[in-house]
Amino acid sequence: MKKDLSNIKKSKLYLDKNECVGIPTETVYGLAANAYSDRATEKIFKLKKRPKKNPLIVHYFSIRDLEKDCNINKNFIKLYKNFCPGPITFILKIKKESKISKNVNDNKSTLAVRFPKHPLTRRLLKFLNYPLAAPSANISSRVSAVSKMDVKEEFGNKVKFILDGGTSKFGLESTIVSLINKPQILRLGCIEVNKIRKALKNKISLKKKSKNFIVPGQGKVHYSPGIKVRLNVQNPKLHEAFILIKKRNFNGNNYFYLSKKNNLNEAGKNLYKTLRMIKKLKYKSIAVERIPNKGIGQTINDRLIRASKR
Ligand code: TXA
Ligand code: MG
């Protein structure tokens, strides 16, 4: 569409001037800036109120572009072939000659990278001569944004431009896999753990929760709607929003279904949208029905547990 092309051009104009732009991805919206620029990446941390110690994901168009900044390996190639472009992030060793701003990865020896699938963002990446650093487009510790409106709600006029790509297809963040030593899943995401296991012929582990883990959205409080969240609830209290996935005979107007057909992928897609809506309706607390801990249900539970910690 003509309109899309002119919006992509507009995004490039802002990005070239070291400004942040909201970009659509198939997972959630990102707050993007030139990953090679100190000034541009600095703005991301400011806008998000994000601690400098929490590194960003860099978004690329192709492996050729990636190889300017990172060393790749066999496991990377296997996973790339199976899932890219798509909702998976890799932790790789950064090259000495890389031009990635030190702000992006807190001057570490590793870098988080991904190849988003959303067509508009792919076109934009192809058009630019630098990759895009982009965390989820939300104020730190809050619920991620899955539409242009959500990004607007988070940052108001502080973000110069948002590239509108409709509602994010998955509505949950990418799966993060470290390929530094033995492959390890650092953050559950849109891809089921089993599929990743299969692609690597079982040679992968899931990072266990540890008290002092530094990684992935992995500050304890995260994805918080800013109101109390109670999990594994069978019956909500009066005046409490109730999130559920299984159809019930009784339906109050405080009942919010994540899925019409008890489908976990659909539930994942609707999770952040629903949390945002409940907050807007001024509920003071949220009860959530037990979500089966299988497939994407694992990711939903991971996010809900973090959302419930305040
Ligand atoms: O789906 C997604 O991944 C979205 C879209 C916009 O691409 N992005 C996203 O970014 O979720 P963010 O910043 O909200 O989460 C990235 C996580 C952070 O929690 C960070 O700690 C982790 O990735 N991370 C970044 N660089 C890392 C590194 N070098 N080693 C380990 N973890 C890293
Ligand atoms: Mg985030």
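All values derive from a computational prediction rather than experimental measurement.

A.B. asks: Go over the overall build of the protein, please, and point to the residues and values.
C.D. replies: Secondary structure assignment for the protein yields ten helices and 14 strands. Here the C-alpha atoms of the protein give a radius of gyration of 19 Å, agreeing with the 19 Å that 2.2 N^0.38 yields for 310 residues. Projected onto its principal axes, the C-alpha coordinates of the protein cover approximately 60 × 45 × 40 Å. Within the protein, counting contacts between residues at least 6 apart in sequence, those at least 24 apart form 68% of the total. Here the protein displays about 15500 Å² of accessible surface, and carbon together with sulfur accounts for 52% of that area. Considering the protein, the positive charge centre built from 69 side chains and the negative charge centre built from 21 side chains are found 4 Å apart.

A.B. asks: Could you give an account of the sheet that holds strand β5 (residues 110-114), with specific residues and numbers?
C.D. replies: With mixed pairing, ten strands are arranged side by side in an open sheet as β7-β1-β2-β6-β3-β5-β4-β8-β9-β10. Both outer strands of the open sheet, β7 (161-162) and β10 (205-206), are each paired with one neighbouring strand and no more. The strands touched by helix α4 (residues 74-83) are β4 (88-93) and β8 (175-178); relative to β4, the strand with the most contacts, the crossing angle is about 160°.

A.B. asks: Which residues make up the sheet that holds strand β11 (residues 228-230), and what values do they have?
C.D. replies: Spatially, the four strands line up as an open sheet ordered β11-β14-β12-β13, and their pairing is parallel. Looking at strand neighbours, the two that pair on one side only are β11 and β13 (255-257), the edges of this open sheet. Neighbour-to-neighbour, the strand axes of this sheet turn through a mean angle of 25°, independent of strand direction. Note: β11 against strand β14 (residues 285-288), three bridges, orientation parallel. The residue of β14 that forms the bridge with Val-229 is Ile-286.

A.B. asks: Can you break down the domain arrangement of the protein residue by residue, with the values?
C.D. replies: You can read the domains of the protein as domain 1 (2-206) and domain 2 (228-308). Each of domain 1 and domain 2 has a C-alpha centre, and the two are 27 Å apart. Between domain 1 and domain 2, the contact holds 22 residues from the first and 15 residues from the second. Between domain 1 and domain 2 lies a buried interface of about 1500 Å² when both sides are counted; carbon and sulfur atoms form 55% of it. Of all residues in domain 1, Val-143, Leu-172 and Leu-188 give up the largest surface area on contact with domain 2, accounting jointly for 35% of the area buried on that side. Connecting domain 1 to domain 2 are ten residue pairs in polar contact (both at pLDDT 80 or more). Ranked by residues supplied to the side of domain 1 that touches domain 2, first place goes to helix α7 (residues 148-155) with three residues. The residue makeup of the side of domain 1 that touches domain 2, split by class, is ten nonpolar, five polar and seven charged.

A.B. asks: Summarise the nonpolar core; cite the residues concerned and give the values.
C.D. replies: The biggest cluster of nonpolar side chains holds 47 residues, and the ones touching the most others in it are Phe-76, Leu-79, Ile-88, Phe-90, Leu-111 and Ile-196. Within the residue set of this core, elements represented by two or more residues are β2 (30-34), α2 (38-48), α3 (63-66), α4, β4, β5, α7 and α8 (193-199). Those residues in contact with Leu-111 that lie beyond four places of it in its chain are Val-58, Tyr-60, Cys-70, Phe-90, Ile-91, Leu-92, Ile-94, Ile-100, Val-104 and Asn-105.

A.B. asks: Summarise the packing of aromatic side chains; cite the residues concerned and give the values.
C.D. replies: Applying the stated criterion across every chain, the model contains ten aromatic pairs. Residues Tyr-60 and Phe-115 carry aromatic rings whose centres are separated by 6.4 Å and whose planes lie at 45° to one another, so their mutual orientation is tilted. Placement of Tyr-60 in the loop between β3 (57-59) and α3 and of Phe-115 in the loop between β5 and α6 (119-127) is noted, with a sequence separation of 55 residues between them. Take Tyr-60: its relative accessible area is 2%, and that puts it in the buried class. When the ring of Tyr-223 is compared with that of Tyr-272, the centres are 5.9 Å apart and the planes differ by 10°; the resulting orientation is stacked.

A.B. asks: Quick one: what's the story with unusual backbone geometry, residue by residue and with numbers?
C.D. replies: Among all residues except glycine, the phi angle is most often negative; among peptide bonds, the trans geometry is most common. In this model, Cys-84 is joined to Pro-85 through a cis peptide bond whose omega is -5°. Relative to the helices and strands, Pro-85 is located in the loop between α4 and β4. The phi angle at Asn-18 is positive, at roughly 65°, despite the residue not being glycine. Tracing the backbone through its elements, the reader meets Asn-18 in the loop between α1 (2-16) and β1 (21-23). Even without being glycine, His-239 reaches a positive phi, approximately 65°. Examined against the element boundaries, His-239 turns out to sit in the loop between β11 and β12 (241-244). We classify His-239 as exposed; its relative accessible area is 67%.

A.B. asks: Describe the pairing of β4, listing the residues and the values that go with them.
C.D. replies: When you tally the buried positions in β4, you get five out of six residues, the bulk of the element. Sheet analysis places β4 next to β8, joined by four bridges and oriented parallel. Pairing of Thr-89 across the sheet is with Ile-176, part of β8. Sheet analysis places β4 next to β5, joined by five bridges and oriented antiparallel. Looking at the pairing, Ile-91 lines up with Ala-112 of β5.

A.B. asks: Please set out the state of the cysteines residue by residue, giving values where relevant.
C.D. replies: Tallied over the full model, the rule gives zero disulfides. The thiol of Cys-70 is not disulfide-bonded; the next cysteine sulfur, from Cys-84, is found 13 Å away. Residue classification places Cys-70 among the buried positions, given a relative accessible area of 0%. With no disulfide partner, Cys-190 has as its closest neighbouring cysteine sulfur the one in Cys-84, 12 Å distant. For Cys-190, a relative accessible area of 11% corresponds to the buried category.

Cut-offs and rules
- Residues numbered from 1 in each chain as written.
- Chains lettered and ligands numbered in written order.
- Predicted model: local features only at pLDDT ≥ 70, side-chain atom pairs only at ≥ 80, totals over all residues.
- Heavy atoms only, no water.
- Helix = DSSP H or I, 4+ residues; strand = E, 2+ residues; numbered from the N terminus.
- Rg over C-alpha atoms; globule rule 2.2 N^0.38 Å.
- Contact = heavy atoms within 4.5 Å.
- Areas by Shrake-Rupley, 256 points an atom, 1.4 Å probe, with all protein chains shown as cover.
- Lys, Arg positive; Asp, Glu negative; His and termini not counted.
- Charge placed at Lys NZ, Arg CZ, Asp CG, Glu CD.
- Pairing = 2+ DSSP bridges.
- Axes fitted to C-alpha atoms, helices over the stretch in contact; angles between N-to-C directions.
- Domains from an automatic or database assignment.
- Buried area = accessible area lost by both parts, 1.4 Å probe.
- Polar contact = N/O pair within 3.5 Å; in protein donor to acceptor, adjacent residues only side chain to side chain.
- Nonpolar A, V, L, I, M, F, W, Y, C, P; charged D, E, K, R; others polar.
- Core = buried A, V, L, I, M, F, W, Y, C linked by side-chain atoms within 4.5 Å.
- Buried < 20%, exposed > 50% of the residue type's maximum accessible area, 1.4 Å probe, protein only.
- Phe/Tyr/Trp six-rings, centres within 6.5 Å; stacked < 30°, edge-to-face > 60°.
- Disulfide = S-S within 2.5 Å.

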